[in-house]
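Inside the fold
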Amino acid sequence: MTERSTRPWRRRLGRLVTGHGGPDARFGARLLAGTALTALAAVPFSLALVLVESHWSPLHRLDQGVAERLHRSALEHPAWVRVLDFLTHVVWGPATMRILVAAVVVWLLWRRAFRLAAWAAVTAIAGGLLGLLVKNVVERARPHLPDPVSQAPGFSFPSGHAMTAMTSCAVLLLVLLPLVPRAWRPLPWALAAVSVLGVGYTRIALGVHWVSDVVGGWLLGIAVVTATTLAFEAWRGDIGRPRTTPAEGLEPEITTEDPEPAVGSESR
């Protein structure tokens, strides 16, 4: 094939990569591509999945040992079980987390921060769908313990509660941090950490998940957030905005009257 004959294909490939619809079109394409490639790019989660699927003995002993110890403690403290049940289903439940994210998305739309709203919605929805897909592919059974103190439907790996907590807390942090005075920012980080760790503990202590289920949910949630955040950062680069850090939030401009430029006003 001659150099001249390959030029049209190169031009077409360049158009597919860069897009002709401006930063918005590239942002949407990167969101979709990043979501689709999350499972392949999530090396830590992939490693956890391999260990679970191969029934790695050290991991099995860890799962079984922790489950049995926490189950004995739960049987001895029924009042604590009721507290755990309230925390896992109400305070840190997936429905609560999704309602909070949905409220943030509505607020972002009202603020006309459409791209940040799209990022938040795609991150939450992609996380839920991907977690459900992996559950049904792996088909890992939940713990079977004598005198169970709680029940949960479906498969076990990864933990949907743990993954939802990770993605939801990340969305809330990265969107709302710019609104928090710098001196107070350690507080929302601490609340997010307590929520993520706390929901993981409740799932194991109630005997409905193994330790590896919870860790797998956290890792997959991190992978989803990373993929969609990279897509959002690429859009910021397209319009000439500087990269941000997690300490600053995803879009520090959310505190201004016009947080996102209108289509056609982006930097070239």
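Up top is the structure.
Here the structure is a predicted model, which is why all the values come from computation and not from measurement. (Residues numbered from 1 in each chain as written. Predicted model: local features only at pLDDT ≥ 70, side-chain atom pairs only at ≥ 80, totals over all residues. Heavy atoms only, no water.)

Concerning the packing of helix α4 (residues 43–53) against helix α11 (residues 211–238)
Where α4 contacts α11, the two axes come as close as 8 Å, and the packing angle between them is 155°. Viewed along their axes, α4 and α11 adopt a mutual orientation that is roughly antiparallel. The two elements α4 and α11 cross, and the hand of that crossing is left-handed. Contact with α4, carried on its side by P44, F45, A48 and V52, involves S212, G216, L219 and L220 of α11 and no other residues of that element. Of the residues that constitute the contact of α4 with α11, the class distribution is six nonpolar, two polar and no charged. (Axes fitted to C-alpha atoms, helices over the stretch in contact; angles between N-to-C directions. Helix = DSSP H or I, 4+ residues; strand = E, 2+ residues; numbered from the N terminus. Parallel < 35°, antiparallel > 145°, perpendicular 65-115°, else oblique. Left-handed = near helix turned anticlockwise from the far one by under 90°. Contact = heavy atoms within 4.5 Å. Nonpolar A, V, L, I, M, F, W, Y, C, P; charged D, E, K, R; others polar.)

Observations regarding the side chain of T123
Counting through the fold element by element, T123 comes out in helix α8 (residues 114–138). Reaching out from T123, the side chain makes a polar contact with the backbone oxygen of W119 at a distance of 2.7 Å. Side-chain polar atoms of T123 contact the side chain of T228, separated by 2.8 Å. Once residues lying within four places of it in the same chain are set aside, the contact partners of T123 are V171, V224, V225 and T228. (Polar contact = N/O pair within 3.5 Å; in protein donor to acceptor, adjacent residues only side chain to side chain.)

Quick look at a nonpolar patch on the surface
Among the surface-exposed residues, W80, V83 and Y201 lie close enough to one another that they form a single nonpolar patch of about 270 Å² accessible area. Since its relative accessible area comes to 38%, W80 is described here as partly exposed. (Patch = residues over 30% accessible without salt bridge, like charges linked within 9 Å, V, L, I, M, F, W, Y side chains within 5 Å. Areas by Shrake-Rupley, 256 points an atom, 1.4 Å probe, with all protein chains shown as cover. Salt bridge = Lys/Arg side-chain N within 4 Å of Asp/Glu carboxyl O. Buried < 20%, exposed > 50% of the residue type's maximum accessible area, 1.4 Å probe, protein only.)

Thoughts on the environment of T96
Among the secondary structure elements, T96 is positioned in helix α7 (residues 94–110). Under the relative-accessibility criterion, T96 is labelled partly exposed at 26%. Each C-alpha atom of the pair T96 and S168 lies 9.7 Å from the other, and the pair is 72 residues apart in sequence. If we skip the residues at most four places from it in the chain, T96 touches V90 and V91. Only 2.4 Å separates the side chain of T96 from the backbone oxygen of V90, close enough to count as a polar contact.

What to know about the pattern of salt bridges
One pass over the full model with this rule turns up four salt bridges. With a closest N to O distance of 3.0 Å, D63 and R140 form a salt bridge. Here R140 lies in the loop between α8 and α9 (160–176) and D63 lies in helix α5 (residues 57–76), a separation of 77 residues in the sequence. Residue D63 is classed as buried on the basis of its relative accessible area of 2%. As a salt-bridge pair, D213 and R140 come within 2.7 Å of each other at their nearest N and O atoms. Taken together, the positions of D213 in helix α11 and R140 in the loop between α8 and α9 put the pair 73 residues apart, joining distant regions of the chain. When its relative accessible area of 0% is taken as the criterion, D213 is described as buried. Connected via shared salt-bridge partners are D63, R140 and D213.

Digging into helix α10 (residues 186–205)
Here α10 is 20 residues long and its end C-alpha atoms lie 28 Å apart, about the 28 Å a rise of 1.5 Å per residue gives. Buried residues of α10: A192, S195, V196, G198, V199, G200, T202, R203, I204 and A205, and no others. Elements that come into contact with the buried residues of α10 comprise α5, α6 (78–91), α7, α9 and α11. (Expected span 1.5 Å × (residues − 1).)

Quick word on the packing of α10 against α11
At their nearest, the axes of α10 and α11 sit 9 Å apart, and the two run at 150° to each other. Looking at the two axes, α10 sits roughly antiparallel to α11. In this structure, α10 meets α11 at a crossing whose hand is right-handed. Counted together, V196, L197, G200, R203 and I204 of α10 and V211, V214 and W218 of α11 form the full contact between these two elements.

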